[in-house]
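Given next are the chains, with one letter for each unit.
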Amino acid sequence: MPSADDPSAGIANDIDWLVSGLGEVAAASPRRFTLLVDALDEAVDPLDIARALLVRMAKITGVRVIVGTRPSVNEAPDSPSADEDLLRALAPDESDPAATRVLRLASDPKAILRYVEARLRHARDHGEDEAVSDTLAQVGDDGILAAARGVAERGLEFLFARLAVYEILEDSTIIRPQRNLAFRRLLAGDHQDLFGKAMERLARIDDRYPFLLQALSLARGRGLPEANGVWAAVAEALIAAAAGDVIAHTSGEEWSSVIHDILSHAAPYIGADNLHPLDSENEHLRRPGTVYRLAHREFVDYFARGRGPVPPDVGVSATADALLSLGEAMSDNHRALGRYLAKHLSGHVADADRWSDLESASAVLDALDPDAVAADAIRSLFGRRDMPPQIAGVVGARDLLMDAALSDRRGIRQLASTVYGRAHVVGEERSTENWPTWGVQAAQIGEEPLHLRLTGHSSVVNKVCVVPLPDGRTVIASASDDGTVRLWDPLTLSPVGAPLLGHMGMVEDVVSFFTTSGEPRLATGGSDGTIRIWDPISGHQVLPLWKGTRARSGKSPSSASRPSPAPACDRLAWPARAPTEACDCGTVSPEPFSGSRTAVTRAPPGP
């Protein structure tokens, strides 16, 4: 990907590269490609993945994308959401319903019954645990079927059935007739209650297990690595927070053994991922580079609701402090921080508001990903309070730091802090080591307001505007001479959705407005003499019915049969000194507004 060779290229260029590459492969192949994406709602940024990547890939000729997901990022098992933001993001083209087919799968008690019965039968006939097999054999087919019916009759989501099966297999005697009351108590709650019972059971095996699982709930990105002691450091900090620091220190070797055991005892609740492919089918799960996460978003929510051993806010602070200390220890020993700390330590710092501590740990700060530090600082500091000078230096020089050698980052950051952080005297102790090679003690080379540079356009950017979205986010729209309009998330410094394409030339202007029903829209004017109206959520040109407002218009549409521009263009500025007239409300033409062969640009506001 472009960012692999040039870190300043940014995610927008990476996404363009992926979509373009898939398009080239599909065009050269007689076969049809199918991409299967499951559990999109469990992803870190499901909406952005849908808009920026999946929708674009689905538009490629010869490519079909099949996605398994809940309708909304706000939906949970047994708690449906009124909105369907994920479905809207995946099926944005309302003008072409055939472009996307939606299959809604309702809860099926019969399927749940078959699943539970099959799992218990398999454990009886082929299971490795002889005690479980013997108990289920004593219960017989009728007892297994009765247990499966008991689970299915709750009428809850599939996750509930999975968790119930896990608990039955851990204590198979619970489905015996003489333990019917205990079995009913097991099924009395919801999926959160079943997970809580699993936590109690795991704690009886090892007190540290619930803390290791809560540590995973606090992970950022794709999960916590065992490497470099990251997972163990967070778990130990949570134990110290719960016990008031009155605990015996666990050695790294012992933590390795505990983690090995929990991966067996709590396997249903832990997911593993690795960025590097397996070299052989027999390679062990705990290979270098593996990161661990909780296997379902609802398990994370269990701890976020305060049902874990440590209150959520205490856990956030303890995690940030532990990882900062780990980073300092690694820096003191001249060890690389590793991928997780480099990418995500600043996120933990932001969540716990430990920016001053990170600024003081300058060697750690210089080893972090400048993109991540900038995004997390903007998210948590910008517009709220003054940014610490050295953090401001990283934000202001983000693109330079991305390209710089690690040995040069300190000097660049210090110099930038005098420009963007207004700290003319840096005041850091001079390094006595050969690394870094240079630094700045003081400088006065001018001051600039703190700002960020977003990369993605291939030519001049003419205009930008702010676009509020219904989900509460605010994005930025930019119009460029490269013929595109791009949307940007100012908090993550990443693109939102695909570039808006349609103008046959430069895009000279862009403004945002709302329809009378409160839906966000963009209007763009281009050198092709047209004005186009866009839905910033779907990325498509849209033409709804708007009523009851007045608008200015410049030249009339080129044909008398073409309807007038939409009334909601009351915030569009047409050519200066144009006559003002009332706008008859009606259907908007599916053609772009035209009538001029010169550029359409912003004009001074009218009276």
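Predicted, not measured: the structure shown is a model, and the values here were computed from it. (Residues numbered from 1 in each chain as written. Predicted model: local features only at pLDDT ≥ 70, side-chain atom pairs only at ≥ 80, totals over all residues. Heavy atoms only, no water.)

**Q** Is there a simple way to think about the packing of aromatic side chains in this case?
**A** For any pair of aromatic rings, the description consists of the separation of the ring centres together with the inter-plane angle of the planes. Counted by the stated rule, this structure contains nine aromatic pairs. A ring pair is formed by phenylalanine 195 and tyrosine 269, whose centres lie 5.6 Å apart and whose planes are at 70 degrees; its orientation type is edge-to-face. Of the two residues, phenylalanine 195 sits in helix α9 (residues 191-205) while tyrosine 269 sits in the loop between α12 (252-265) and β4 (270-274), which places them 74 residues apart along the sequence. The pair phenylalanine 195 / tyrosine 269 is uniform in exposure class, with both members buried. Between phenylalanine 195 and phenylalanine 303, the aromatic rings sit 6.1 Å apart at their centres with planes inclined by 90 degrees, giving edge-to-face as the arrangement. Residue phenylalanine 195 is found in helix α9, and its partner phenylalanine 303 is found in helix α13 (residues 297-304); the two are separated by 108 residues along the sequence. Each of the two residues, phenylalanine 195 as well as phenylalanine 303, counts as buried. Taken together, the aromatic side chains of Tyr166, Phe195, Tyr269, Phe299, Tyr302 and Phe303 make up a single cluster linked through ring pairs. (Phe/Tyr/Trp six-rings, centres within 6.5 Å; stacked < 30°, edge-to-face > 60°. Helix = DSSP H or I, 4+ residues; strand = E, 2+ residues; numbered from the N terminus. Buried < 20%, exposed > 50% of the residue type's maximum accessible area, 1.4 Å probe, protein only.)

**Q** Can you walk me through the environment of aspartate 14 in this structure?
**A** Structurally, aspartate 14 can be placed in helix α2 (residues 10-28). Sequence spacing of aspartate 14 and proline 2 is 12 residues, and the spatial spacing of their C-alpha atoms is 5.7 Å.

**Q** For this particular structure, what's the right way to read a nonpolar patch on the surface?
**A** A contiguous nonpolar surface patch, about 290 Å² in accessible area, is contributed by Met1, Trp17 and Leu18. Tracing the chain through its elements places tryptophan 17 in helix α2. Judged by its relative accessible area of 45%, tryptophan 17 falls in the partly exposed class. (Patch = residues over 30% accessible without salt bridge, like charges linked within 9 Å, V, L, I, M, F, W, Y side chains within 5 Å. Areas by Shrake-Rupley, 256 points an atom, 1.4 Å probe, with all protein chains shown as cover. Salt bridge = Lys/Arg side-chain N within 4 Å of Asp/Glu carboxyl O.)

By themselves these figures say nothing about function.
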